[in-house]
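Fold and contact review
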Amino acid sequence: AICRLFFITRVFMKNIVVLISGEGSNLQAMIDACASGQISGKICAVISNNADAYGLVRAKKAGIPSFIFERKAYETYQAMDQAIASQIELIGADLIVLAGYMNILTPAFTQRFAGKILNIHPSLLPKYSGLDTYQRAMTDGETEHGMTIHFVNEIVDGGSIILQAKVPIFPEDEIEDVIARVQEQEHRYYPLVIAWFCADRLKEVDGKAYLDGKPLPPEDYGNEE
Ligand code: GRF
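The present account deals with the structure reproduced in this document. (Residues numbered from 1 in each chain as written. Predicted model: local features only at pLDDT ≥ 70, side-chain atom pairs only at ≥ 80, totals over all residues. Heavy atoms only, no water.)

On to the pattern of salt bridges. One pass over the structure, following the stated rule, counts nine salt bridges. Here E70 and K72 are joined by a salt bridge, their closest N and O atoms 3.9 Å apart. For E70, a relative accessible area of 25% gives the class partly exposed. On the accessibility criterion, K72 (72% relative accessible area) is exposed. D173 is paired through a salt bridge with R181; the nearest N and O atoms lie 2.7 Å apart. A single salt-bridge network, built from bridges that share partners, covers K14, D200 and K203. (Salt bridge = Lys/Arg side-chain N within 4 Å of Asp/Glu carboxyl O. Buried < 20%, exposed > 50% of the residue type's maximum accessible area, 1.4 Å probe, protein only.)

Take a look at the structure:
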């Protein structure tokens, strides 16, 4: 019976690869969600383009193998992405999760793994795609900010939206206050979305995201856990 159980978990558990560049607080949220059983999946590798990323320490502590691909080791971004893609195929990943990965993936990479790459972005897309989203939102005097989880395609921050969460910006806020508020939402909802994917509930069809066969509305429906 133990053998059978092993077989069943092997068949149904999705293999997840997480790409990071830095702190890895979202990676930690995923590690915790796998451990608690919220995600029926296994993080089988962490890939970093930065050898000093603190997320690598988190991976090691959790017993997850990690691989480093630094830009300086390759002539082009294409060559680097090709090496990463080969590693991912060797691992046999079902899902690629970008969690603070600070490189733009080449179209060859995003097309190869279409419908299998997720990203989290600290803004309410399509507003504030790109870098420095907090600073830009605050300079513009926005009264709200947030995060977006989306499928990845070749347009940067442009793939189909899965889930968004809003937070307020108060007049007396420092940038750190807004970052903390947004990250709380990230750590709450990224594991949830990954759990949906691993349970085969979340799909991308013709550039649109579907949950349980229903098209996902563009924002603020994260309450149905
Ligand atoms: C997150 O805030 C995410 O929105 C952005 O990069 C940050 C990564 O943080 N893409 P961490 O490395 O997960 O702590």
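Taken together, E23, G24, S25, N26, G100, I120, H121, P122, Q183 and E186 make up the full set of residues adjacent to the ligand. The side chain of S25 places a nitrogen or oxygen atom 2.5 Å from an oxygen atom of the ligand. Those elements that provide at least two residues to the shell around the ligand are α2 (25-36), β5 (117-121) and α7 (175-198). Among the residues forming the shell around the ligand, the class breakdown is two nonpolar, six polar and two charged. (Near = heavy atom within 4 Å. Polar contact = N/O pair within 3.5 Å; in protein donor to acceptor, adjacent residues only side chain to side chain. Helix = DSSP H or I, 4+ residues; strand = E, 2+ residues; numbered from the N terminus. Nonpolar A, V, L, I, M, F, W, Y, C, P; charged D, E, K, R; others polar.)

Tracing the chain through its elements places T110 in helix α5 (residues 107-112). Non-local contacts of T110, meaning those with residues more than four positions away in its chain, are made with L105, I117, V152, N153 and E154. (Contact = heavy atoms within 4.5 Å.)

Strand order in the open sheet formed by seven strands is β3-β2-β1-β4-β5-β6-β7, and the pairing between neighbours is mixed. Sheet topology places β3 (66-68) and β7 (161-168) at the edges, where each strand pairs with a single neighbour. Between one strand axis and the next, the sheet turns through 20 degrees on average, direction left out of account. Relative to strand β4 (residues 95-98), strand β1 (residues 14-20) runs parallel, the two sharing four bridges. Within β4, the position partnered with L19 by the bridge is L98. In the packing of helix α3 (residues 54-61) onto the sheet, contacts are made with β1, β2 (41-48) and β3, and the angle to β2 comes to roughly 145 degrees. (Pairing = 2+ DSSP bridges. Axes fitted to C-alpha atoms, helices over the stretch in contact; angles between N-to-C directions.)

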